[in-house]
Amino acid sequence: MDAPVRYSILGTVRATRGDTELELGPPKRMALLALLLLRAPGPLTLSEAVDILWDDDPPPSAANVVHRHIGALRRALEPELRSRTMAAHLVRAADGYRLLVDASTSDLLRFRDLRAQAQLAVKAGASKKGAQDFIEALGLWHGPTVAAGTYVAQHPLFTSVGHEYVATAKEAADVVLTSAPALTEEVLTALRRAVDCHSFDEALHSRIIAALAATGRQAEALQQFESIRNTLAKELGVEPGPGLRAAQQHLLRHRSVRDEDGPAPPTGPAARPVQLPAAHQPFAGRRKTLSQCLELLPLEGEENPLTTTVAICGMAGVGKTTLALHWAHLVATRFPDGQIHVDLQGHHASRPPLDPTVAMTEVLGALGARPDPVPASTTELGSLYRRTLAGRRLLIVLDDAHDCEHVRPLLPGTPGCLTIVTSRRRLEGLAVTDNARLLPLPAMTGQEGLELLEHRLGADRIRGARTTAEEIVDLCGGLPLALAVVSARALMHPHFPLGALARHLRDNQDSLVAFSSHDARTDPRSVFSRSYDTLSSGAAALFRLLSLHPSQDITLPAATSLSCTHPRATREYMAELVDRNMIVEQTPGRYACHTLLRSYAAELGRSVDGKEILAEARARMLEHYLHSADAATTLLAPHNSDVVLPPPRVGVRPQRFDARADAARWIVAERYVLPALIQNVSHCPQVDTFRRQLTAALEMCVESPVP
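Residues numbered from 1 in each chain as written. Predicted model: local features only at pLDDT ≥ 70, side-chain atom pairs only at ≥ 80, totals over all residues. Heavy atoms only, no water.

Caption draft 1: Region of the structure containing the overall build of the protein. Broken down by element type, the protein carries 29 helices and 16 strands. Expressed as a percentage of the 707 residues in the protein, the buried residues total 54%. Contacts in the protein between residues far apart in sequence, at least 24 positions, make up 69% of those at least 6 positions apart. By element, 52% of the accessible surface of the protein is carried by carbon and sulfur atoms, the whole surface being about 32300 Å². (Helix = DSSP H or I, 4+ residues; strand = E, 2+ residues; numbered from the N terminus. Buried < 20%, exposed > 50% of the residue type's maximum accessible area, 1.4 Å probe, protein only. Contact = heavy atoms within 4.5 Å. Areas by Shrake-Rupley, 256 points an atom, 1.4 Å probe, with all protein chains shown as cover.)

Caption draft 2: Examining the sheet that holds strand β16 (residues 590–592) more closely. Taken in spatial order, the three strands of this open sheet run β14-β16-β15, and their pairing is antiparallel. Each having just a single partner strand, β14 (553–555) and β15 (584–587) make up the two edges of the open sheet. Adjacent strand axes in the sheet meet at a mean angle of 45° when their direction is disregarded. Where β14 and β16 come together, three bridges link them in antiparallel fashion. Paired with T555 across the two strands is R590, which belongs to β16. (Pairing = 2+ DSSP bridges. Axes fitted to C-alpha atoms, helices over the stretch in contact; angles between N-to-C directions.)

Caption draft 3: Geometry of the pairing of β15. Of the pairings in the sheet, the one linking β15 to β16 comprises three bridges and is antiparallel in character. The residue bridging V584 from the neighbouring strand is A592, located in β16. Here β15 folds back onto β16 in antiparallel fashion, the turn holding two residues, of which G589 has a positive phi close to 85°.

Caption draft 4: Molecular detail of the sheet that holds strand β9 (residues 308–313). The five strands are arranged β10-β11-β12-β9-β13 in an open sheet whose pairing can be described as parallel. Across the chains shown, the open sheet's two edge strands, defined by having one partner strand only, are β10 (339–343) and β13 (437–440). Between one strand and the next, the sheet's axes are offset by a mean angle of 15°, whatever the strand orientation. Relative to strand β12 (residues 418–423), strand β11 (residues 395–401) runs parallel, the two being bridged by five bridges. The partner of A401 across the bridge, within β12, is S423. The sheet contacts of helix α12 (residues 320–331) involve β9, β10, β11 and β12, and relative to β12 the element is tilted by about 165°.

Caption draft 5: Inspection of the packing of helix α23 (residues 537–546) against helix α26 (residues 595–636) at higher detail. At a minimum axis separation of 6 Å, α23 and α26 run at an interaxial angle of 90°. Overall, the two elements α23 and α26 adopt an arrangement that is roughly perpendicular. Touching F543, R544, L545 and L546 of α23 are L597, R598, Y600, A601, L604, G605, V608, D609, L614, A617 and R620, all from α26. Each residue belonging to the contact of α23 with α26 can be placed in one class, and the counts come to 10 nonpolar, one polar and four charged. (Parallel < 35°, antiparallel > 145°, perpendicular 65-115°, else oblique. Nonpolar A, V, L, I, M, F, W, Y, C, P; charged D, E, K, R; others polar.)

Caption draft 6: Up close: the packing of aromatic side chains. Applying the stated criterion across every chain, the model contains eight aromatic pairs. With centroids separated by 6.1 Å and ring planes inclined at 90°, the aromatic side chains of Y532 and Y600 adopt a geometry described as edge-to-face. Of this pair, Y532 sits in helix α22 (residues 524–532) while Y600 sits in helix α26, and the two are 68 residues apart along the sequence. Directly above the ring of W54 sits K28, whose terminal nitrogen or CZ lies 4.3 Å from the centroid. (Phe/Tyr/Trp six-rings, centres within 6.5 Å; stacked < 30°, edge-to-face > 60°. Lys NZ or Arg CZ within 6 Å of the ring centre and 35° of its normal.)

Caption draft 7: Up close: the confidence of the model for the protein. Counting all residues, the mean pLDDT for the protein is 84, and 87% of those residues have values of 70 or more. In this model residues 255–271 is a low-confidence stretch, pLDDT under 50, and it forms 24 contacts with partners more than four residues away in sequence or in other chains. The low-confidence segment residues 702–707 (pLDDT under 50) makes 10 contacts with residues lying over four places distant or belonging to another chain. (pLDDT = per-residue confidence, 0-100.)

Caption draft 8: Representation of the side chain of D609 in the model. Topologically, D609 is positioned in helix α26. Overall, the relative accessible area of 13% leaves D609 in the buried class. Within the local environment of D609, its side chain forms a polar contact with the side chain of R544, the two groups lying 3.0 Å apart. Leave out the neighbours within four places in its chain, and D609 touches R544, L545, L604 and L614. (Polar contact = N/O pair within 3.5 Å; in protein donor to acceptor, adjacent residues only side chain to side chain.)

Caption draft 9: Layout of the environment of Q224. Structurally, the position occupied by Q224 is in helix α9 (residues 218–236). Q224 has contacts with H205, I208, I209 and L212, leaving out every residue within four places of it along the chain.

Caption draft 10: Representation of the nonpolar core within the structure. By size, the foremost hydrophobic cluster in this structure holds 95 residues, and its most contacted members are W327 and F543. Considering every element that reaches this core, the biggest residue donor is α26, with 13 residues. Not counting the four nearest positions on each side in its chain, W327 is found in contact with L290, C293, L294, L297, V310, I312, L418 and I420. With 77 residues, the next largest nonpolar core counts I52, L90, L109 and F158 among its residues. (Core = buried A, V, L, I, M, F, W, Y, C linked by side-chain atoms within 4.5 Å.)

Caption draft 11: Representation of the environment of L212 in the model. Tracing the chain through its elements places L212 in helix α8 (residues 202–214). In this structure L212 comes out as buried when scored by relative accessible area, which is 0%. Between the alpha carbons of L212 and L188 there is a distance of 7.8 Å; along the sequence they are 24 residues apart. With residues near it in sequence (within four places) discarded, L212 still touches L188, R192, R217, E220, A221 and Q224.

Caption draft 12: Region of interest: the pairing of β9. With six of its six residues buried, β9 lies for the most part within the structure. Burial along β9 is two-sided: the face carrying T308, V310 and I312 and the face carrying T309, A311 and C313 are both buried. Pairing geometry for β9 and β12, over six bridges, is parallel. Each residue of the ladder has a partner; that of V310, found in β12, is I420. Looking at chain direction, β9 and β13 are connected through four bridges and run parallel. Each bridged residue has a counterpart across the sheet, and for I312 the counterpart in β13 is L439.

Caption draft 13: Representation of the packing of helix α19 (residues 466–475) against helix α21 (residues 498–507). Remark: α19 packs on α21, axes separated minimally by 9 Å, with the N-to-C direction vectors making an angle of 30°. The angle between the axes of α19 and α21 places the two elements in the roughly parallel class. Crossing hand, α19 versus α21: left-handed. Counted together, T468, E471, I472 and L475 of α19 and L498, G499, L501, A502, L505 and R506 of α21 form the full contact between these two elements. Among the residues making up the contact of α19 with α21, the classes are represented as six nonpolar, two polar and two charged. (Left-handed = near helix turned anticlockwise from the far one by under 90°.)

Caption draft 14: Layout of the side chain of T289. Here T289 is to be found in helix α11 (residues 287–295). On the basis of relative accessibility, which here comes to 11%, the residue T289 falls in the buried class. Beyond its immediate stretch of four places on either side in the chain, T289 contacts L323, L439 and L441.

Here it is in structure tokens:
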């Protein structure tokens, strides 16, 4: 019982302790174990298990059946277990269960770990080490599909993991054929295994042809091309694509080229860029958004796919890059000519935005077409860029764009490419000029935030403090960056209760002190500042004052009074803040600011504006609501008001109402703001007058339904 349990999912589902294979039971139980392994180290929710095990048509007893299978798996894994609360292998998690495994006990996690190591090694210039890691990862696969032997093996959740093998085989081939030719036979074996299950994948066939040619088997390579060409014509009625044709032409041109040291390194189809950084782990939540991403892609096998550009936009720290890379890795196998990643540095901590001409030159270099010398004319460079991309099916990630013009020169015009852009700006112009699909990314929901915390801290730590964990998610505003910072603090102090961490966050809600660090990439104050620094002076001043508003949402008229600006200028400033995702327009005319951005604005206000300016702005805001409430109640109940108000101070522009219905709608819309104002007028002159009028308006909210 001291030996660890090791799990296999890359082929037949198995669990072994030492040399003994454990009896897992009937197929449904094996499928459940496969699901747990697939979701590890994260949790498997009960609802997901039910949906997959019963193919979306579960019987009423499905949940109970899952619970019974979980109990049976526990007994198989820990025969001497007396209480499930003491389980060391299969434990309860949020709305489900978690299998406690890591890269030393799960072949799937080991595979992913080796693949990530290989990608990092290649990116760092250690291509031979990367090639060895790729080959070791591929050697862990013992079957053509994940969960072979279980009846859910064809479910998309499993087949999508099977695609990881295909993607890794392609990555390995690209590195081996250019940097580690001694491993060519191993990679050829992996490519052939992959093509057995993906017989129409032209990128796999191209790499097989390149590998055969590299080992001197030109005739076999030509036979491989003819075989796939005949298959495509017979089964699909299509001719080979540009990548496969390029492999054939390269083979014909170099079939006799061999030097004394062995095969010549390929410069054709095998030299494809594989530049995606490792996907951020753990990836949590975002299932709905990720589903939207996948729906934007053309159908696999589509003969004439369109060029697709997707702009993921959102506030700083919301997880745009994490989502983009996760999505890119999921679909990388659909782009046989390679994957390119460019950090545009639109909001970098210490570097200016990357010039588009430099970015174009980087992409050309990745495709083996770096001009020497670089054309002096931007027009000539752009023309070369478009010619080089023509006919290729590429996945391009343009991370952290400063604005639309930063991106436009880099967008491919060739069919079949996918370009994923991330930016703190809304990039609406790309939708107008380039038919880009805009994907706004909000903060995480409460459930998604809990899932992220659980992935980072483990189920055991969250299980006993779920309410506290929910409070932490709320205090972080569901912002992934803040949740990651808090999780790192918790991991640094594994014996500290989460309640102490929550209390620290609660005590510093009006500032970002609780999240501060010395790393400019992860310190929220530093991260937010790079958005704030791009604002005009008027928009920056308005942003600082928004923290004075007692509610998270504010209207244009209220913002006008708060900032003492002309309505037209206020509208422009608010539009600027919206464009930079520092506020969002939740409903027409009502704008909200994320809780941590409000804290940042409050810090800025105290340091930049000073007490007098803030006090004057707060007074304008109160008078705005006081006079607006007076106008509304006078119109709705003209005989009930006994308050005579002095004229509003300069800069206050109260609401005016043309009809009773408008007045009633305003009172209902502000029903959350008015109570907060009543609680915060004690320090103002005419306290009683303010409180009476606002209370009257609040009572009117209850008495006067919207017509």
